[in-house]
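# Survey of secondary and tertiary structure
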Amino acid sequence: MKPQVHELFPTPVLESNIPVQKEWLDFIKTLDYDRTAMDNGYISNNRAIWEYPELKSLYFEIKDAVKYFAYGQLNVSSHVYLDLLRGWAVKHMCDDWAQNHCHMNSIFSGIYYLDVFDESGDLVIDKGQHYRNCFMPTLSPDVTMFNKFTMQSWRHHPTNGGLLIFPSQVIHNVERNRTKNVRYCIAFDVFIRGTLGTYAGSTVTVK
């Protein structure tokens, strides 16, 4: 038998594209923003921006992508309802950035890029010190080069219209905006509702 390495329990990240409509970006620019507590960016006052009629068409585009990710790729049962319940705009000025974080009280999270530039900051997904797919920090050998098993982080260079969706527990950050341009994107969270756990013997209904 030829030796083979199995990829057990990989972390799924959906990458797609929704062409930016000018009216979405124009509307996002009109929102009221608060400076973050860490003084490293701006977040829209409203964390439920999907309620705006100006963004409804984008809402349905992203909802379709979430369905493709969950139902089409992860084989989530169709009776589980996917609720795109939170969305907020993020504005980064020159030298703004985002610290390592994950999203609470959701199952999937994502980012949609409305207006980004070559040096306005990559998204970096961090493996984290306690992710146990291979080596632990308590004993980590040197490697000649990183591969998908040993890499410590994954970098994504955003482009306008780009969409990423990933499990909410994934730790990620955004590098500094090295341009004089304002960087705009939308972050969002997805919750699940319905009867869950039927086949595992731990049924619960989330309304």
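What comes next concerns the included structure. Here the structure is a predicted model, which is why all the values come from computation and not from measurement. Residue numbers restart at each chain and count upward from 1, following the sequence in its written direction. Whole-chain, interface and lining totals are the exception, using all residues; otherwise, since this is a predicted model, local features are given only for residues with pLDDT of at least 70 and side-chain atom pairs are given and counted only at 80 or more. Each side-chain value is worked out from all heavy atoms of the structure, with water and hydrogens disregarded.

The subject of this paragraph is the packing of aromatic side chains. Think of it this way: a Phe, Tyr or Trp ring, Trp meaning its six-membered ring, pairs with another when their centres are within 6.5 Å, and the plane angle makes it stacked under 30 degrees, edge-to-face over 60, tilted otherwise. Inspection of every chain in the model, using the stated rule, returns 6 aromatic pairs. Taking 5.0 Å as the distance between ring centres and 70° as the angle between the ring planes, the aromatic pair formed by phenylalanine 27 and tyrosine 52 counts as edge-to-face. Taken as a pair, phenylalanine 27 in helix H1 (residues 22–30) and tyrosine 52 in the loop between strand S3 (42–44) and helix H2 (56–73) lie far apart in primary sequence, 25 residues in all. Residue phenylalanine 27 is classed as buried on the basis of its relative accessible area, which comes to 14%. For every residue, the accessible area (1.4 Å probe, protein chains only) is compared with the maximum for its type, and the residue is labelled buried under 20%, exposed over 50%, or partly exposed between those bounds. Its relative accessible area of 22% is what places tyrosine 52 among the partly exposed residues. Feature note: the residues Trp50, Tyr59 and Phe60 constitute an aromatic cluster, connected by ring pairs. Sitting over the face of the ring of tyrosine 59, lysine 56 holds its NZ or CZ atom 4.8 Å from the ring centroid. Note on criteria: charge over ring means Lys NZ or Arg CZ within 6 Å of the ring centre, with the direction from the centre no more than 35 degrees off the ring normal. Positioned above the aromatic ring of tyrosine 33 is the side chain of lysine 91, whose terminal nitrogen or guanidinium carbon lies 4.6 Å from the ring centre. Working definition: helices are DSSP H or I runs of at least four residues, strands are E runs of at least two. Numbering for both runs from the N terminus.

You will see that asparagine 75, though not glycine, has its phi angle at about 60°, which is positive. Within the secondary structure layout, asparagine 75 lies in the loop between H2 and strand S4 (81–92). At asparagine 105, a position not held by glycine, the phi torsion is positive, near 55°. Within the fold, asparagine 105 resides in the loop between strand S5 (98–101) and strand S6 (108–115). Judged by relative accessible area, asparagine 105 falls into the exposed class, the value being 60%.

A separate point is the pairing of S6. By the criterion of burial, S6 is predominantly enclosed, with 8 of the 8 residues buried. Strand direction decides the pairing type here: S6 and strand S9 (residues 162–167), joined by 5 bridges, are antiparallel. Following the sheet pairing, glycine 110 is matched in S9 by isoleucine 165. Here S6 pairs with strand S11 (residues 183–196) via 7 bridges, running antiparallel. Note on S11: the bridge partner recorded for tyrosine 112 is isoleucine 186. We treat two strands as partners when DSSP finds at least two bridges between them.

Inspection of the secondary structure puts aspartate 122 in the loop between S6 and strand S7 (123–126). Between N or O atoms, a polar contact is any pair within 3.5 Å; within protein, one atom must be a potential hydrogen donor and the other a potential acceptor, and residues adjacent in sequence are included only when both atoms are from side chains. A polar contact of 2.7 Å, which involves the side chain of aspartate 122, links it to the side chain of histidine 157. Discounting residues that sit within four places of it in the chain, aspartate 122 has contacts with Arg155, His156, His157, Pro158, Asn173, Val174 and Glu175. In what follows, a contact means two residues having at least one pair of non-hydrogen atoms within 4.5 Å.

Attention now goes to the state of the cysteines. The rule for a disulfide is simple: a pair of cysteine sulfur atoms within 2.5 Å. All told, the structure shown has 0 disulfides when counted by the stated rule. With no disulfide of its own, cysteine 94 lies 16 Å from the sulfur of cysteine 185, the closest cysteine sulfur. A relative accessible area of 35% places cysteine 94 in the partly exposed class.

Before going further, it helps to examine the sheet that holds strand S8 (residues 153–156). With respect to topology, 4 strands assemble into an open sheet ordered S5-S10-S7-S8, the strand pairing being antiparallel. Of all the strands in the sheet, just S5 and S8 have a single pairing partner and so form its edges. Averaged over all adjacent pairs, the angle separating strand axes in this sheet is 15°, with direction ignored. Sheet topology places S7 next to strand S10 (residues 171–174); 4 bridges connect them, and they run antiparallel. By the bridge assignment for S10, isoleucine 125 is matched with histidine 172. Only C-alpha atoms enter the line fits that serve as axes; for helices the fit covers just the stretch in contact. Angles between N-to-C directions range over 0 to 180 degrees.

Coordinates in, geometry out; function isn't part of it.
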